[in-house]
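Given next are the chains, with one letter for each unit.
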Amino acid sequence: MNDTVPFGRWLKERRQSLDMTQENLADRVGCALSTVEKIERGLRRPSHQIARRLAEELRIPIEEQALFVEWARLAPDDREAPSAPEWERSPKASQGNLPAQATALIGRDRELAETRALLTREEVRLLTLLGPPGIGKTRLSLALGESLVGEFADGVWFVPLAAISDPTLVASTIAKTLGLQEGPNQAADEGLQAYLRERQILLVLDNFEQIIPAASLISDLLAASPGLKVLVTSRTTLDIYGEHHYDVPPLDLPDLANLPPGGALQSYPAVELFVRRAQAVAPRFTLTEENGPSIVEICARLDGLPLAIELAAARSRLFDPLSILRRLDRRLPLLSGGPRDRTPRQQSLRGAINWSYDLLNDAEKSLFRRLSVFVGGCTLETVDESKFWQSNFGAEPDPGPAHNGAGLYAQAPTAEDLISSLAGKSLLQRHDVGGEVRFIQLETVREYAAEQLEASGEGEEARDRHAWYYLALAASAEPQLKGALQKVWLNRLEAEHDNFRAVMSRALERGNAEIVLRLGASLWRFWWMRGYTREGYGWLERALAAGGEVEPGVLAPALHAAAALIHELGDYEQAELLYNKSIALQRDLGERRGLAMALCNLGSVHWNRGDYEAARSLYEESLGLYEEVGDKWGISVTLTNLGVVASAQRDYEEARRIQEKNLAIKRELQDKAGIAITLNNLGVLAQYVEDYARAREFYEESLTIRREIVDKSGLAISLVNLGAVAFQLGDHTTAYASCVESLELRSELGDRHGAAFVLEELASFASAEGEPTIAARLYGASEVIREAVGSPLSPAERVRYDANISRARSALEEASFDAAWAAGRAMSQGEAVKYALAFAASAHEVG
């Protein structure tokens, strides 16, 4: 052990050395993003449970994990411990999410220096890198972002926007990149502004030209966030106040009429790029006196465009520079009659792509064209399973010329053969996304491929195949979102979300709302769990409003999906209306499982409103239907809700009986999420009868499972409950830390009802600690939130609530209590959260 570092800094460096973002680590550990942020900044020490999960996710040897937890839990003043173990050493990396680049940036020293000087000027907060396709805007933006990492305390964040065509999705796309969840009662742009307001961040927004109407969002973010700067790449300006422009030039070339000696040619960026990329496919390739002039002329014919040069150089395995030049000479003049709105450089790039396309065999051309329907790329498995590589979509593949390494196949190619070939020719980019390899066409290449697809007459067929593949994928995923593979399938749907969006957008444009309804019925749990609730409801709302004949078997589950999403968004009236429509259709269809689900969820609307008898009646009808069809998972969900109703009505013995029965079913099903829910409910029952030690055991077991499966919503529930019993047991450190983490999670998830519950818990702490004014303010703030969402306290909750308020009221003059209560009611939710966190920080060491 040599020199030491504070734990927070070590954590940041270790995380980055493992190629994890803060969001990745928070998801794996099962905590709020803000918790990781605060630990890394030295503002908080991790709890024992979080420290144990950190040890596992950061790959600390098992035999040293106990030592790691001890070190992580040291008080802030002791963190630079001289006994920190050997695994403390880790390389530094930048903060943010800038993707690692497989190759070095070539020939952009001047441009990098100029743009850096611009963006570091105080008055420059929005810089747009302008240029035609293939000029290298994205690559320059990444290098510029990397050079500025140390200038922004909260990181440099790269947001790819090429897959987004709807300007209204830009805010949620940025928010997801930053690890934010969409709030049920807060628009994505509002949540984004709130998050950025006090942070120093550089956003790198790549490929903005197709969503220019979203420029107003950027203007609003900059106005609301003084520490924010934005770097944009675009083919056109945003035309908003404060925008600065930088035209990205082509790579420097030598003078064709006065070439320097061969050895000096490689000092020119365009030539160096060609040579480097040629050597990547032909390691023995060298720049010589003989081939130098041809390379220079290739680069000149391609106007110094980096992408065009790379495409040409990728052919060096098959052709020498002179042969490449001759083929370009024959190809480029054909584009002189192209569209007049294309600049000469754009025509040169298209010529390079066209030339590369012409050199493909028939099988490669076919797949290259069809891949243009994928938005955000695809996996090799997707291409293989969807049969996109087959020549006639279902017929045996027509390989065209065989390829044996010199341009011919020895036998019929597989999907892997064709994908590898296209990637080797720079017509596909290989990206590692969350441990999964995806193949992506650069946007300019995809545009060209789409044109070729339409010209081939296969466009309609390819789009139909794309839609049916994703309909099948969604249908396969739907049952898995309730089982042991839930996280795996959520991640897969997340990776394919842009493709789902493309399918739905095309379907609505073509007047085929049924596709959207089918997808929504399968994807609603994904939208809900991953924070796309508002967007998901928007898709279904548009499809339902489109009219047209839709068979009841499609409409009923779609109505239920829309109801579940709007229910989560807090519009109980609209949710009830949609649930009832779905229920009526399900009854007519005799679809008992779907009917049971809709009845159960409608019961939860009544539970949220405090109408427990109506809720119980619906739950019991749902339970009977689930028992008829033998659906154990449905039975367990309904039992959970019946137990919660009994608990709310203070029938604790009945509630305990139901929850214990339910726990046995959950364990039989190996439903970890369900086990965690039931354990939490048993903890609530123990807490109501003041068996705090037993309640703590239930909550801690529930908490451990929820961290493991990364159930953030459930985690927030278990945390505040653990905080309540820890306070009763005199463990104020755990009490405050748990409630703070819960409140941060609630805010991150946009859970207003849950936030009110945590504010009430912290208010009870304040009252017990002799801070009645703080308690009154927090109770006043929570009351406003409950009124807004229409969610009253249950009778069981009311008993403790009234007792705590009475204690606070008795400690103050009536006028003082009323004034404090009114001050709390006047707070916005954000102000109330900040107030509560400040109280917790001053009351106990929680960061």
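Every value quoted in this text rests on a predicted model; they were computed, and no experiment measured them. (Residues numbered from 1 in each chain as written. Predicted model: local features only at pLDDT ≥ 70, side-chain atom pairs only at ≥ 80, totals over all residues. Heavy atoms only, no water.)

S.K.: Teacher, can you tell me more about the overall build of the protein here?
M.R.: Regarding its fold elements, the protein presents 40 helices and seven strands. For the protein, the proportion of its 847 residues judged to be buried stands at 55%. Approximately 34,800 Å² of the protein is accessible, and the part contributed by carbon and sulfur atoms is 49%. (Helix = DSSP H or I, 4+ residues; strand = E, 2+ residues; numbered from the N terminus. Buried < 20%, exposed > 50% of the residue type's maximum accessible area, 1.4 Å probe, protein only. Areas by Shrake-Rupley, 256 points an atom, 1.4 Å probe, with all protein chains shown as cover.)

S.K.: Even after reading the chapter, I still don't get the packing of aromatic side chains, so can you show me in this structure?
M.R.: The way to describe two aromatic rings as a pair is by their centre distance and the angle between their planes. This model, assessed by the stated rule, comprises 23 aromatic pairs. Ring centres of Y470 and F500 lie 5.3 Å apart, and the angle between their planes is 75 degrees; this geometry places the pair in the edge-to-face category. Taken together, the residues Y470 in helix α21 (residues 459-480) and F500 in helix α23 (residues 497-509) connect sequence positions 30 residues apart. A relative accessible area of 0% places Y470 in the buried class. Classification of F500 as buried rests on a relative accessible area of 0%. Ring plane angle 20 degrees and centroid distance 6.5 Å describe the contact between Y779 and W821, whose orientation is recorded as stacked. Of the two residues, Y779 sits in helix α37 (residues 772-789) while W821 sits in helix α39 (residues 814-825), which places them 42 residues apart along the sequence. On the basis of relative accessibility, which here comes to 15%, the residue W821 falls in the buried class. Over the face of the ring belonging to Y532 we find K176, whose NZ or CZ atom lies 4.7 Å from the ring centre. (Phe/Tyr/Trp six-rings, centres within 6.5 Å; stacked < 30°, edge-to-face > 60°. Lys NZ or Arg CZ within 6 Å of the ring centre and 35° of its normal.)

S.K.: Could you clarify how one ought to interpret the sheet that holds strand β4 (residues 228-234) in this entry?
M.R.: Hydrogen bonding along the main chain pairs the strands of a sheet, whether they run parallel or antiparallel. An order of β2-β3-β4-β1-β5 is seen for the five strands of this open sheet, with the pairing classed as parallel. Each having just a single partner strand, β2 (156-160) and β5 (243-247) make up the two edges of the open sheet. Put simply, the sheet's adjacent strands are angled 20 degrees from each other on average, direction ignored. As defined by bridge partners, strand β1 (residues 126-130) adjoins β5 across five bridges and the pair is classed as parallel. Bridge pairing links L126 to E243 in β5. On the sheet, helix α7 (residues 137-147) packs against β1, β2, β3 (201-206) and β4 and is oriented at approximately 160 degrees with respect to β4. Along the sheet, helix α10 (residues 215-224) makes contact with β1, β3 and β4, crossing β4 at roughly 160 degrees. (Pairing = 2+ DSSP bridges. Axes fitted to C-alpha atoms, helices over the stretch in contact; angles between N-to-C directions. Contact = heavy atoms within 4.5 Å.)

S.K.: It is not clear to me how the confidence of the model for the protein should be interpreted in this structure. Could you clarify?
M.R.: Interpretation of the predicted coordinates at a detailed level should be avoided for regions scoring low in pLDDT. Per-residue pLDDT for the protein averages 84, and the proportion of residues at 70 or more is 89%. Across residues 332-342 the pLDDT falls below 50, and counting only partners more than four positions away or on other chains, this stretch makes 15 contacts in the model. Segment residues 394-410: pLDDT under 50, and 35 contacts once partners within four positions in sequence are set aside and those in other chains are kept. (pLDDT = per-residue confidence, 0-100.)

S.K.: Help me understand the pattern of salt bridges in this model?
M.R.: Pairs can form between side chains of opposite charge whenever their charged atoms are close. The final tally for this structure, using the stated rule, is 45 salt bridges. Here E761 makes a salt bridge to R800, at a shortest N to O gap of 2.5 Å. Residue E761 is found in helix α36 (residues 752-768), and its partner R800 is found in helix α38 (residues 795-810); the two are separated by 39 residues along the sequence. The class for E761 is buried, based on a relative accessible area of 4%. Through salt bridges with shared partners, a single network forms among R108, R110, E111, E114 and D252. (Salt bridge = Lys/Arg side-chain N within 4 Å of Asp/Glu carboxyl O.)

S.K.: In this structure, what is going on with the packing of α36 against α37? I would like to understand it.
M.R.: Angle between the axes and distance between the axes are the two parameters that describe a pair of packed helices. Closest axis-to-axis distance for the α36/α37 pair is 8 Å, and the angle between their directions is 165 degrees. Classified by the angle between their axes, α36 and α37 sit roughly antiparallel to one another. When you trace α36 past α37, the crossing you get is left-handed. Here R752, H753, A756, F757, L759, E760, L762, A763, S764, A766 and S767 of α36 come into contact with α37, specifically with P772, I774, A775, L778, Y779, A781, S782, I785, R786, A788 and V789. Across the contact of α36 with α37, the residue classes break down as 15 nonpolar, four polar and three charged. (Parallel < 35°, antiparallel > 145°, perpendicular 65-115°, else oblique. Left-handed = near helix turned anticlockwise from the far one by under 90°. Nonpolar A, V, L, I, M, F, W, Y, C, P; charged D, E, K, R; others polar.)

S.K.: It is not clear to me how helix α40 (residues 829-843) should be interpreted in this structure. Could you clarify?
M.R.: An α-helix turns once per 3.6 residues; consequently, residues spaced three or four apart project the same way. End to end, α40 covers 21 Å across 15 residues, agreeing with the expected 21 Å (1.5 Å per residue, within 8%). Within α40 the residues assigned to the buried category are A832, V833, A836, L837, F839 and A840. The buried side chains of α40 occupy one side of the element, clustering within an arc of 160 degrees when seen end-on. For α40, exposure combined with an orientation more than 90 degrees from the buried face picks out K834 and S842. (Expected span 1.5 Å × (residues − 1). Arc of directions from axis to C-beta.)

S.K.: What am I meant to see in empty space enclosed by the protein here?
M.R.: To find leftover empty space, one rolls a probe the size of a water molecule over the atoms. For the structure shown, the criterion picks out three cavities of 30 Å³ or more. Residue lining of the second largest cavity: W607, N608, Y612, H753, R786, S791, P792, S794 and E797, and that is the complete set. Residues of the lining of the second largest cavity, tallied by class, amount to three nonpolar, four polar and two charged. (1 Å grid on protein atoms, 1.4 Å probe; cavity = no way out; pocket = protein on both sides within 12 Å on 5 of 7 lines; lining within 4 Å. Points joined across faces, edges and corners; volume = space filled by probe spheres on them.)

S.K.: Would you mind going over unusual backbone geometry with me for this structure?
M.R.: In terms of backbone geometry, most residues other than glycine have negative phi values and most peptide bonds are trans. Even without glycine at this site, N207 takes up a positive phi of about 70 degrees. Relative to the helices and strands, N207 resides in the loop between β3 and α10. Even without a glycine there, the phi angle at D239 is positive, about 55 degrees. Here D239 is to be found in the loop between β4 and β5.

S.K.: Where do I start with α21 in this structure?
M.R.: Here α21 contains 22 residues, and its C-alpha end-to-end distance of 32 Å stays within 8% of the 32 Å for a straight helix at 1.5 Å per residue. Taken as a whole, α21 has its buried residues at G459, A462, H466, A467, Y469, Y470, L471, L473, A474 and A477. At its buried positions, α21 is contacted by α18 (380-386), α20 (443-456), α22 (486-495), α23 and α24 (513-529).

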